[in-house]
Amino acid sequence: MILQSAVQRMVRCCNGRAVARLQLAARCPAPHRRRLSVSAAAAAAAAPAAAAAVAAAAAAGGSAPAVFGVPAAAIFSASSAVLVPVYALMAFAPASKLTRDALLNSPALYLLLAAAYVATFAAAWQAGLGAALGAMWEAGQAAVVAGSPAALDLRPLAAMFGQPLVTLLAWLHLLTLDVVMAREIALDGLRTGVATAHSVLLCFFFGPTGLISHALTRLVSGSKGR
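Residues numbered from 1 in each chain as written. Predicted model: local features only at pLDDT ≥ 70, side-chain atom pairs only at ≥ 80, totals over all residues. Heavy atoms only, no water.

Describing the packing of helix α3 (residues 72-92) against helix α7 (residues 164-192)
Packing of α3 against α7 leaves a shortest axis separation of 11 Å and a crossing angle of 10°. Taken together, α3 and α7 sit at an angle that is classed as roughly parallel. Residue-level inspection shows A72, I75, F76, S79, S80, L83, V86, Y87 and M90 of α3 in contact with α7, the latter providing L165, L168, W171, L172, L175, D178, V179, A182, R183 and A186. Residue composition of the contact of α3 with α7, by class: 15 nonpolar, two polar and two charged. (Axes fitted to C-alpha atoms, helices over the stretch in contact; angles between N-to-C directions. Helix = DSSP H or I, 4+ residues; strand = E, 2+ residues; numbered from the N terminus. Parallel < 35°, antiparallel > 145°, perpendicular 65-115°, else oblique. Contact = heavy atoms within 4.5 Å. Nonpolar A, V, L, I, M, F, W, Y, C, P; charged D, E, K, R; others polar.)

Structure (structure tokens):
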């Protein structure tokens, strides 16, 4: 009942704005009337999509999320925990045989993360990710028709990330990108002799800051690479 009331309020609010724009258009000069009318129609068309996205997210949250039988929470915990020793090795022992063979010169870890990402994407799609992306597309089209980026309705996006499987998907995305950045920094440090421990550790959850740190470290050390 609470969800239905919230969705109904959202639709009434969006439709009310559309009616107000139409009334304003009727009082405006002809050159502005057409644009306001189109904007109002676009806003009214986007309202059902936004409401549907909210409803889909709430429905998805009502059951325990899983990726083909594996609890999403377990994937989240395992993927996060396994990267702790990975970052420790790349930060403090990048030249060791274990680090080189298992992390720097082998694609195994990155393929494993990619496989988890693809599986989570498929599960999230089945749970309503496709409908949420469709709602975002509709909201974007409405903003384009309205002629104002400020008219973009972000509620479908917020609803999409309210789904646990979509949150897990984004988490795996970030983990994979961050560890790939850390690997490149570690490899560059081995090639140039520049210290990389601090930059590799910054990549853990904060990937771009690690890249900036490594660039500054190279600048300060005067290394130009090889």
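There is more to say, and it comes next.
Quick look at the side chain of T120
With respect to the secondary-structure elements, T120 resides in helix α5 (residues 108-146). Separated by 2.8 Å, the side chain of T120 and the backbone oxygen of A116 make a polar contact. Setting aside its immediate chain neighbours within four residues, T120 contacts V67, L165, L168, L169 and L172. (Polar contact = N/O pair within 3.5 Å; in protein donor to acceptor, adjacent residues only side chain to side chain.)

Thoughts on the packing of helix α4 (residues 97-104) against α7
Axis separation between α4 and α7 bottoms out at 12 Å; the angle between their running directions is 135°. On the basis of their axis angle, the class for α4 and α7 is oblique. By crossing handedness, the relation of α4 to α7 is classed as left-handed. From α4, R100, L103 and L104 reach across to α7, where they touch R183, A186, L187 and L190. (Left-handed = near helix turned anticlockwise from the far one by under 90°.)

Comments concerning the pattern of salt bridges
Inspection of the entire model under this criterion finds four salt bridges. Across the pair D188 and R218 runs a salt bridge whose closest N-O atoms are separated by 2.9 Å. Placement of the pair is D188 in helix α7 and R218 in helix α8 (residues 197-221), with a sequence separation of 30 residues. (Salt bridge = Lys/Arg side-chain N within 4 Å of Asp/Glu carboxyl O.)

Let's talk about the UniProt feature "transmembrane region" (unreviewed entry) in the protein chain
Summarizing the sequence annotation, UniProt attributes the feature "transmembrane region" (unreviewed entry) to residues 36-60, 66-89, 109-137, 157-181 and 193-216 in the numbering used throughout. Counting secondary structure, residues 109-137 comes out at 100% helix and 0% strand; the distance between its end C-alpha atoms is 34 Å. Measuring from the first to the last C-alpha atom of residues 193-216 gives 14 Å, for a span that is 83% helix and 0% strand. (UniProt positions renumbered as here; feature names shortened; annotations may be inferred.)

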